[in-house]
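# Geometric and topological summary
Residues per chain are reported as follows:
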Amino acid sequence: MAETKKRVLSGMQTSGRMHLGNYHGAVENWVRLQDEYDCFFFCADLHSLTMFYGDSTDVVPNTLDIATNLLAAGIDPNRSVLFLQSLVHEHCELFTVLSMMTPLGWLERVPTFKEKIVEVETADLHTHGFLGYPVLQTADIILYNAHFVPVGEDQVAHLELARELTRKFHFHHGELFVEPQPLLTQFSRLPGLDGRKMSKSYNNAIYLSDDDETVRKKVMNAVTDPQRQRRTDPGRPEVCNIHQYRKVYAAPERVAEIDADCRAARIGCVDCKKDVCRLMLERLAPLRARREDLAKRPGYVIDVLIEGSRKASAVAADTMRRVRERMKMTIGRNGR
Ligand code: TRP
Ligand code: SF4
């Protein structure tokens, strides 16, 4: 049965702890995809070195935070393969091979490259590794012959590059990989507390590991409609972050009701925020409970990652054996 299912693969960079933007924007969808697809999910720790190459002490703690939250969210290691990128050495091997055939121009015009190189202030991104980021991502995907890659809009250009690069390999060496497609399913967009994209580097994120009090403080201090100075001023829910949050946590009828109340100044921002915060904490409570269960089993999350990486390695090693054969790069037995 499992063999007839199409394969889905996605990864999350271990550049920070998991925040609500990651959870609602990606992970909730990954959990649903497990019903329909043969799923591979992984922590992209090598990718996080593009920013952490000078100090990588946070990579392992971030990896464990993300993996724990993935399990708490409902990624089921009995149905899906959950693994750690750096434990599967074939990612590096295919990355090297693909790098040799990637034209520089393709990489230089990727929008995330042009944007991040100026935006990120914590590390100098004028590096070979950062330029090659989408090449490693291509290796991540095609090693497993993934049909679909659930990603946000910002990653669509990376997927396009992955497809072009796959075609280039096929042009030189013949068909071998599945050409991956982005899977842009419905997901909730959650802005950061200041209205920009939720991100660790903007310091505007709510983390799944934040306790209730921290979440409350963050929500109560969030920016709302900047023109609404007094309780009696009518508000504009369309420019208010808190209202975007409400759309994630409340039923549509309730969203419409608050929309009207805000415009008519029938509700104040303090009460509105308290209500959104209550809904948010209610939604996160089951995750918290499962994280507490996981905390009682020390070593379990690490074991899941190691076991998942063993399963991933079997697939990846088979792909690399075929790549070497196709490129006439075998010198010994068993495709070596
Ligand atoms: N670039 C992705 C992100 O920042 C993470 C990632 C790495 C990824 N390798 C991948 C996503 C392969 C999908 C498939 O979100
Ligand atoms: Fe935003 Fe709610 Fe204040 Fe309206 S009442 S501006 S929706 S926080």
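We now turn to the structure provided with this report. Residue numbers restart at each chain and count upward from 1, following the sequence in its written direction. The naming scheme follows written order: chains are lettered A onward, ligands numbered 1 onward. It should be noted that, the model being predicted, local features are given only for residues of pLDDT at least 70 and side-chain atom pairs only at 80 or more, the latter also being counted only at that level, while totals for whole chains, interfaces and linings use all residues. Where side-chain values are given, they derive from all heavy atoms of the structure, hydrogens and water being excluded.

Turning to the site of ligand 1, a few remarks are in order. Taken together, 13 residues surround ligand 1, and among them His47, Tyr133, Gln137, Asp140 and Gln155 come closest. Polar contacts, as counted here, are pairs of nitrogen or oxygen atoms within 3.5 Å of one another; within protein the pair requires one atom able to donate a hydrogen and one able to accept it, and residues that are adjacent in sequence qualify only if both atoms are side-chain atoms. Tyr133 places a side-chain nitrogen or oxygen 2.7 Å from a nitrogen atom of ligand 1. Within the side chain of Gln137, a nitrogen or oxygen atom sits 3.2 Å from a nitrogen atom of ligand 1. Only the protein chains shown count as cover for residues, and the accessible areas themselves come from Shrake-Rupley with a 1.4 Å probe. Relative to its unbound accessible area of 370 Å², ligand 1 is 87% covered by the protein chains. Of all the secondary-structure elements, those providing two or more residues to the shell around ligand 1 are β1 (7–13), β2 (38–44) and α8 (133–142). Here the term charged refers only to Asp, Glu, Lys and Arg, the term nonpolar to Ala, Val, Leu, Ile, Met, Phe, Trp, Tyr, Cys and Pro, and the term polar to all other amino acids, Gly among them. Looking at the shell around ligand 1 residue by residue, the classes come out as six nonpolar, six polar and one charged. Residue proximity to a molecule or strand is established when one non-hydrogen atom of the residue lies within 4 Å of it. Strands are runs of DSSP state E lasting at least 2 residues, helices are runs of H or I lasting at least 4, and numbering of each runs from the N terminus.

Right, let's talk about the site of ligand 2 for a bit. Residues in close proximity to ligand 2 include Thr224, Asp225, Arg228, Cys240, Ile242, His243, Cys262, Cys269 and Cys272, which together make up its full environment. Contributing elements (two or more residues each) for the shell around ligand 2: α11 (241–249) and α13 (269–295). Partitioned by chemical class, the residues of the shell around ligand 2 number five nonpolar, two polar and two charged.

It is worth spelling out the environment of Met101 at this point. Along the chain, Met101 turns up in the loop between α4 (90–100) and α5 (104–108). Sequence separation between Met101 and Phe169 is 68 residues, and the spatial gap between their C-alpha atoms is 7.7 Å. Contacts: residue pairs with any heavy atoms within 4.5 Å of one another. Excluding anything up to four places from it in sequence, Met101 contacts Leu165, Lys168, Phe169, His173 and Met327.

To continue, consider the pairing of strand β3 (residues 81–84). Throughout, exposure labels follow a simple rule: accessible area from a 1.4 Å probe, protein chains only, divided by the maximum for the residue type, with under 20% read as buried, over 50% as exposed, and the rest as partly exposed. On β3, burial covers both faces: Val81 and Phe83 on one face and Leu82 and Leu84 on the other are all buried. Alignment of β2 against β3, held across four bridges, turns out to be parallel. Residue pairing across strands places Phe40 opposite Val81, the latter belonging to β3. Two strands qualify as a pair provided DSSP detects at least 2 bridges between them.

This is a description of form; function is not addressed.
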